[in-house]
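Descriptive analysis of the structure
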Amino acid sequence: MRGFASRHPIWSLIIALAVAVLLWLIFTPWPPGLVEAIGRKRIFLNAIFGGITLGALYFLVASGFTLIFGLMRNVNLAHGSLYLLGGYLGFEVSERTGSWLLAFPVVFILVGLLGMLLQHQVFRRMEGEELRQTMVTIGLSVLIADILLWIWGGQSYTILSPDFLSGPAELPIISTVRSNGDIIYLKYPAVRIAILIAAIVIGFAMWLVLNRTSLGMLIRAGVDDREMLGASGIRTQYVFLIVFAFGAGLAGMAGIVGGTFQSLSPGEDTRFLLASLVVVIVGGMGSIPGAALGALIIGLSETLGLVYAPTYSVVFTFLIMAAVLAFRPQGLLGQTR
Amino acid sequence: MALVDRASVSAAQSSPSGIWIDKVPTYYWVIGLIMLFMPVIANDFWLFQVFGWTFILGMIALSLMFLAGYGGMVSLIQMSVAAVGGYMVAIFGTSGITDLSLGLPWWLYVPIAIIVAMIFGTIVGALAVRTEGIYTIMITLAIAAAFFYFARQNYHIFNGYTGFNLVVPPQLFGVDWRQPMPFYYLTLAFALLSYFVVVYVSRTPFGLALQGVRDNPRRMAALGFNVTAHRVLAYTFASVIAAVGGILLVWQNAQISPGTAGIPAVIDILVIAVIGGIRKPIGPFIGAFIYVLLRTFSPDVLTAFGMSGERFKTLIGLGFLVLVFFSPDGVLGLWERWQNRRKRDPLMGSGETPGDRDVGGRNV
């Protein structure tokens, strides 16, 4: 961090200024002139929070993708299918048992097992053949998408959030000040706050595991040099299996999350595959902090675009990606190899 | 190796070649004649729906094959480039949406459509060549998705979700080109043209340099070739073929909508190119024929086996999966492998490859 500041003083200044302006926009009541220019503060705050929550969801999907790619160079274009499968399974579990929380471990294990099967039966046979992996996973995603359509049909499902998370929660952020002096605080759905917190906790836990445990050390060593790790006596295939199962399970759990605060329908798999592609391209391949940053940027740009320029919100995402590609092809936090 | 090459070149030059027709292999004649007289044996449905569609999809997949096979860049943008060409025909030509279509004559809107699609493909290519391998696939896929969503959202140019309908080819020389037989010959002519242009370009200095860039970009850069320029130019060239395919596609369907360039369609082009074989220009057409046959007849076959006709995607996905799992080079790869196996000596085990025979023969 300090290295970045000393190397790029101008950029640090610009970023610091942007963060300061953002914080000011969030925490102070807006003057009337600003409200006239870009609308009510409540709309802006909702867009910001919606963007952060969407970013959290994107992070859950994309972190598994980037971890798998970073460690094994495995290109899993069936990642979106794992997301959708997890969502449907979670829907079934929570419908049958009535427990939303129970769906998470069940889906994590089931989709994780499927991930292990994929790694063991598909990817291990074509290590290093990226193009073939791409083709096979594309074929798999076509197949899985059609089987899911077969089982669950074309209608869209929404997973009901549990009672203790339904309804709004009040945040200590001022939305508007009424003329009589009453201060109105921002209300936001509790389930989305829970999702946001869960994503932060998972991200932090991943960072802890990667940086503070021996398993994390193995994974980081594998990211840097797979062959040397294998040569020093580690059974890399087991590490690969664990990481693949974890990434797949994460995508499955993200499916429950996405099914709770959005909906599940055919086509969501490609949407989330593309979202994770864009997120990891922007953030940098194989980097967990990069995935977090990219997910935040893409989520914010999508919702802010939806609020302030509804027609072209998708194009903003694309423009960000193109700009990153043009000026920093390895991604914002990616490393050149 | 260099000796052999020089020897083969001098042999080719010194051999008393007759007229060029003599050099055309027999199976070219057979296939050409079958194609030429197809309207005699095939009915309208086969001509228009099966063969017309095969040639069009084959051309779009051919542009992908050119990039992937000769340039080493697997680009998923080709369907979007084709759709841009189709959209431009609808926008600058005539369509059912009279508010948005400009109604220019055909000799104006066809070149405009090709040029606009070419520019689009070149810009995407310029972005995509900054990356390599799997990154190219991801980036072109993401841009293709962005184009799909953009076209779906934009009502001022692309007419949003509905797109354009009643886009028909011009009545040239008093022929209705949308009738099955004229359309068959129209698509056949352009498919043949694009096939031979690709074969020709692959042998020009540009094509050879492109293949050099595919095999070893650093060495080519060290030799003084501009690697990036070659790659971007390859995108430009491929975009022209894809654009022609897109224009024919919009004429065949008489309509274009964002779904034409949706993610499934984009993936289908890759599937077609891979099924056929991505190393030779004939591969995409074989792949397109297989795909169109499956797409057209698999509902009937599935129903005959007592399954729901909607499951044809499962069939295609499963077939594709099995094929890429066992033969990365598609049907052509299977064919070559089968031929090699047939040549193999049952006692000695080792097969005589054609390359060995050539070297031996010329060195003597």
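Below is a short write-up of the structure. (Residues numbered from 1 in each chain as written. Chains lettered and ligands numbered in written order. Predicted model: local features only at pLDDT ≥ 70, side-chain atom pairs only at ≥ 80, totals over all residues.)

1. Here's the deal with the overall build of chain A
Secondary structure summary: chain A contains 14 helices and 2 strands in total. Per-residue burial for chain A yields a buried fraction of 44% across its 337 residues. Partitioning the contacts of chain A with sequence separation of at least 6, the portion at a separation of at least 24 is 74%. (Helix = DSSP H or I, 4+ residues; strand = E, 2+ residues; numbered from the N terminus. Buried ≥ 20, exposed ≤ 12 C-beta atoms within 10 Å, placed from the backbone. Contact = placed C-beta atoms within 7 Å.)

2. Regarding the environment of Leu293(A)
Residues and elements named next belong to chain A. Along the chain, leucine 293 turns up in helix H13 (residues 288-308). Considered as a pair, leucine 293 and glycine 55 are 238 residues apart in the sequence and their alpha carbons are 8.7 Å apart. Not counting the four nearest positions on each side in its chain, leucine 293 is found in contact with Gly283, Leu332 and Leu333.

3. A word on helix H14 (residues 313-327) of chain A
Given a rise of 1.5 Å per residue, 15 residues ought to cover 21 Å, and the 22 Å separating the end C-alpha atoms of H14(A) matches this to within 8%. What H14(A) keeps buried is the set Val314(A), Thr317(A), Met321(A), Val324(A) and Leu325(A). The buried residues of H14(A) all sit within an arc of 100 degrees when viewed along its axis, so they share a single face. For H14(A), exposure combined with an orientation more than 90 degrees from the buried face picks out Ala323(A), Ala326(A) and Phe327(A). Against the buried residues of H14(A) lie helix H12 (268-283) and H13 of chain A together with helix H6 (106-128) and helix H7 (134-153) of chain B. (Expected span 1.5 Å × (residues − 1). Arc of directions from axis to C-beta.)

4. Some details on unusual backbone geometry
Residues and elements named next belong to chain B. Even without glycine at this site, alanine 254 takes up a positive phi of about 65 degrees. Here alanine 254 shows up in the loop between helix H11 (227-253) and strand S2 (255-256). Judged by the 15 C-beta atoms lying within 10 Å of it, alanine 254 falls in the partly exposed class.

5. As for the interface of chain A and chain B
Listed by partner, the interface residues are 30 residues for chain A and 33 residues for chain B. If you list the elements that add at least two residues to the side of chain A that touches chain B, you get helix H7 (130-152), H12 and H14 of chain A. Here the side of chain A that touches chain B gets 14 residues from one element, more than from any other, and that element is H7(A).

6. Topic: the packing of H14(A) against H7(B)
The N-to-C vectors of H14(A) and H7(B) enclose an angle of 150 degrees; their axes lie 9 Å apart at closest approach. The angle between the axes of H14(A) and H7(B) places the two elements in the roughly antiparallel class. Both H14(A) and H7(B) take part in a crossing whose hand is left-handed. Contacts from Val314(A), Val315(A), Phe318(A), Met321(A) and Leu325(A) in H14(A) reach Ile139(B), Ala142(B), Ile143(B), Ala146(B), Tyr149(B), Phe150(B) and Gln153(B) in H7(B). Per-class residue counts for the contact of H14(A) with H7(B) are 11 nonpolar, 1 polar and no charged. (Axes fitted to C-alpha atoms, helices over the stretch in contact; angles between N-to-C directions. Parallel < 35°, antiparallel > 145°, perpendicular 65-115°, else oblique. Left-handed = near helix turned anticlockwise from the far one by under 90°. Nonpolar A, V, L, I, M, F, W, Y, C, P; charged D, E, K, R; others polar.)

Remember that the coordinates give geometry; whether it matters functionally is a separate question.
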